[in-house]
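# Remarks on the overall topology
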Amino acid sequence: MSSTTPRVLAVANQKGGVGKTTSVVNLSASIALLGHRVLVIDLDPQGNASTGLGIDIRSLNGSVYDVLLHDTPIEDVVLASAVKGLFVVPANLDLAGAEIELVPMMGRETRLRKAIERVANEYEYVFIDCPPSLGLLTVNALTAAGEVMVPVQCEYYALEGLAQLLRNIELVNKNLNPTLQVSTILCQMFDNRTKLSADVVREVRQHFGDKVLQTVIPRTVKIAESPSHGQPVVVLDPSGVGAKAYLAAAQEVVNGRA
């Protein structure tokens, strides 16, 4: 049990296909494997973080939707993953309408923050997997978090859309959550056969300096396959290069080097 408040990280990038959910699944699992209690909150209606951690989202008794819209206590919908110390607040397609349903509600931006406060002393890390849009679900995540982690893929247009995300973070910072900051940039899908990947990492480091983790996540078949097995790559292929990279990145996050 943690006697201090947990580190709450919203993982956000509204550009699709950057491996955002993959990084949530594997970093949270890696940090749990390092001996910490970790909670993943899936805020994406597709529920990919939930299924990536072995949760069957078709047979849920409750989900993050019930927490946000029906005031269900968050502890009532927490499920254990297959990784010791790693727990999940799952999502499914019920969440698809939540953006609209939240609009008339009182305290609509702070509902997730209040839910997390109920279980704050039970976890050391909370990862929130944001949807790729910048609507009310993402605003809830940014209002609840102390830090934002931004996964960036090592491909053309890697920084596209980041300016808009940073503007939104600034707005939330000004109006709803004065302590929010971008703490961590994670470069992934790195292909060491291309000059482009190295160029992108260099450009991201020039932009964001020491917020960028030293560890770069390679593009590997095992990382790509792991969601279909409902297992993080650190469980599916623990001795592979992808798993080792995520464990090294997790160590950096835990050490607060970002």
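Everything discussed here concerns the structure shown above.
Everything in this summary refers to the structure shown in the same document. Everything numeric in this text was worked out from a predicted model, so none of it was measured. (Residues numbered from 1 in each chain as written. Predicted model: local features only at pLDDT ≥ 70, side-chain atom pairs only at ≥ 80, totals over all residues. Heavy atoms only, no water.)

## Considerations on the overall build of the protein
When helices and strands are tallied, the protein shows 11 helices and 7 strands. Against the globule reference of 18 Å for 258 residues, the protein gives a C-alpha radius of gyration of 17 Å, in line with a compact fold. Principal-axis analysis of the C-alpha atoms gives the protein an extent of 50 × 40 × 35 Å. Buried positions account for 54% of the 258 residues belonging to the protein. Accessible surface, the protein: about 11,400 Å² in total, of which carbon and sulfur atoms supply 53%. Charge-centre separation for the protein: the mean point of 22 positive side chains lies 6 Å from the mean point of 26 negative side chains. (Helix = DSSP H or I, 4+ residues; strand = E, 2+ residues; numbered from the N terminus. Rg over C-alpha atoms; globule rule 2.2 N^0.38 Å. Buried < 20%, exposed > 50% of the residue type's maximum accessible area, 1.4 Å probe, protein only. Areas by Shrake-Rupley, 256 points an atom, 1.4 Å probe, with all protein chains shown as cover. Lys, Arg positive; Asp, Glu negative; His and termini not counted. Charge placed at Lys NZ, Arg CZ, Asp CG, Glu CD.)

## Notes on the nonpolar core
The nonpolar side chains of a soluble globular protein tend to be buried, and buried together. Grouped together as the largest cluster of nonpolar side chains are 53 residues, with contacts concentrated most on L39, I41, L43, I128 and V204. Ignoring any residue separated from it by four or fewer positions in sequence, one finds L39 in contact with V78, F87, V88, V89, V119, Y123, Y125, V126 and F127. Counting residues in each nonpolar core, the second largest holds 33 residues, with V40, I57, L86 and F127 among its members. (Core = buried A, V, L, I, M, F, W, Y, C linked by side-chain atoms within 4.5 Å. Contact = heavy atoms within 4.5 Å.)

## Topic: the side chain of H36
Within the secondary structure, H36 sits in the loop between α1 (20-33) and β2 (38-42). Only 3.0 Å separates the side chain of H36 from the side chain of E124, close enough to count as a polar contact. (Polar contact = N/O pair within 3.5 Å; in protein donor to acceptor, adjacent residues only side chain to side chain.)

## Quick look at the packing of aromatic side chains
Counted according to the given criterion, the structure contains 2 aromatic pairs. Ring centres 5.9 Å apart and planes at 65° place the aromatic pair F87 and Y123 in the edge-to-face group. One end of the pair, F87, is in strand β4 (residues 86-89); the other, Y123, is in the loop between α5 (111-117) and β5 (125-129), and 36 residues separate them in sequence. Neither F87 nor Y123 differs from the other in exposure class; each is buried. (Phe/Tyr/Trp six-rings, centres within 6.5 Å; stacked < 30°, edge-to-face > 60°.)

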